[in-house]
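# Results of the structural survey
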Amino acid sequence: MYTEIIFEKGTKNIDTIEVCFGYSAFGLLHQSEFKEHHLCGIFTDFSLGKIEEKNFGLSLDSSKKIRIFSSRKNVQEYLNFLAICHQFKKNAISVIFVDEYKEELYSLGAMTKREFIEVLKQEKGLTEKEKNEFSKEWLDLKQQNSELRIFDNKKIKGVPYSYIFPYIEKHYCKDSDRKTITNLMAYDEENNYSDETWQILLEIWAQKR
């Protein structure tokens, strides 16, 4: 599991932390009207192996609001969303699920600047009940400690690595691992794993076949 944090302090709307996942998403925020806000880009992959507690490099008092940009078409983004809801449930949290704007959107980073302005209308403040439910979802996944996490009817569930092997076999290209990963990503409309995650899964499949 890899982790990287980018945090840039702004001079406007300083009581809110804008949180997104992935380099492309952070880049879009950085070029948007939010560029002078506090921006936090989190790159943590909880989809594989043991879940460990991460503090995301953030130390926030409970007066800070957290606005999260995420998608329920992307396992890694949704897991990060759950982790933040658990760690910062004392804070006011709102979320913008970009797939509510367009179902096929798997990340804020897949949007245009024009779409970004429109997607802000999807912002939803989380109630205490909702934050507790998301926190429980996170703790349940952590307790399961599965090898792999996938989407199933817009909910995350844990499965063994072997669950994904038929999909890898279907799209395997014996002449090129790079072509195989390209194929895996191209047809992965449910989980939208990163290329790094597919590389690890491909190596695990190759060792076990």
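Described in the following lines is the structure provided in the data block. Residue indices begin from 1 for each chain and proceed along its sequence in written order. The predicted nature of this model means local features are confined to residues of pLDDT at least 70 and side-chain atom pairs, given and counted, to a pLDDT of 80 or more, with totals for whole chains, interfaces and linings taken over all residues. The basis for every side-chain value is the complete set of heavy atoms in the structure, and neither hydrogens nor water enter the calculation.

With that settled, consider the pattern of salt bridges. One side-chain nitrogen of Lys or Arg within 4 Å of one carboxyl oxygen of Asp or Glu is enough to make a salt bridge. Taken as a whole and judged by the stated rule, the model has 13 salt bridges. Put simply, Asp15 and Lys64 hold a salt bridge, and the shortest N to O gap is 3.9 Å. Pair noted here: Asp15 is in the loop between strand S1 (3–8) and strand S2 (16–21) and Lys64 is in the loop between strand S3 (38–44) and strand S4 (65–70), with a separation of 49 residues, a long-range link. One salt-bridge network, held together by shared partners, links Glu18, Lys65, Arg67 and Glu123. Numbering goes from the N terminus for both helices and strands, where a helix is a DSSP run of H or I of at least four residues and a strand is a run of E of at least two.

This part is about the pairing of S3. Only protein chains enter the area calculation, which uses a 1.4 Å probe; residues under 20% of their type maximum are buried, those over 50% are exposed, and those in between are partly exposed. Where burial is concerned, most of S3 is hidden: 7 out of the 7 residues are buried. Across the two faces of S3 the burial is the same, with His38, Cys40, Ile42 and Thr44 and Leu39, Gly41 and Phe43 all buried. What makes two strands pair is DSSP finding at least two bridges between them. Sheet topology note: the S2/S3 ladder contains 5 bridges and is parallel. Its bridge partner lying in S3, Phe21 is registered against Ile42.

It is worth spelling out the nonpolar core at this point. The definition of a nonpolar core used throughout is a set of buried Ala, Val, Leu, Ile, Met, Phe, Trp, Tyr and Cys residues joined through side-chain atoms within 4.5 Å. By size, the foremost hydrophobic cluster in this structure holds 43 residues, and its most contacted members are Val19, Ile68, Phe81, Leu148, Ile168 and Leu201. Among the elements that take part in this core, helix H2 (residues 75–87) stands out by supplying 8 residues, more than any other. Sequence-distant contacts of Ile168, defined by excluding residues within four places in its chain, comprise Leu184, Trp198, Leu201, Leu202 and Trp205. If you look at the next biggest cluster of nonpolar residues, it comprises 16 residues, including Phe34, Leu108, Val119 and Leu120. We call two residues in contact whenever any of their non-hydrogen atoms come within 4.5 Å of each other.

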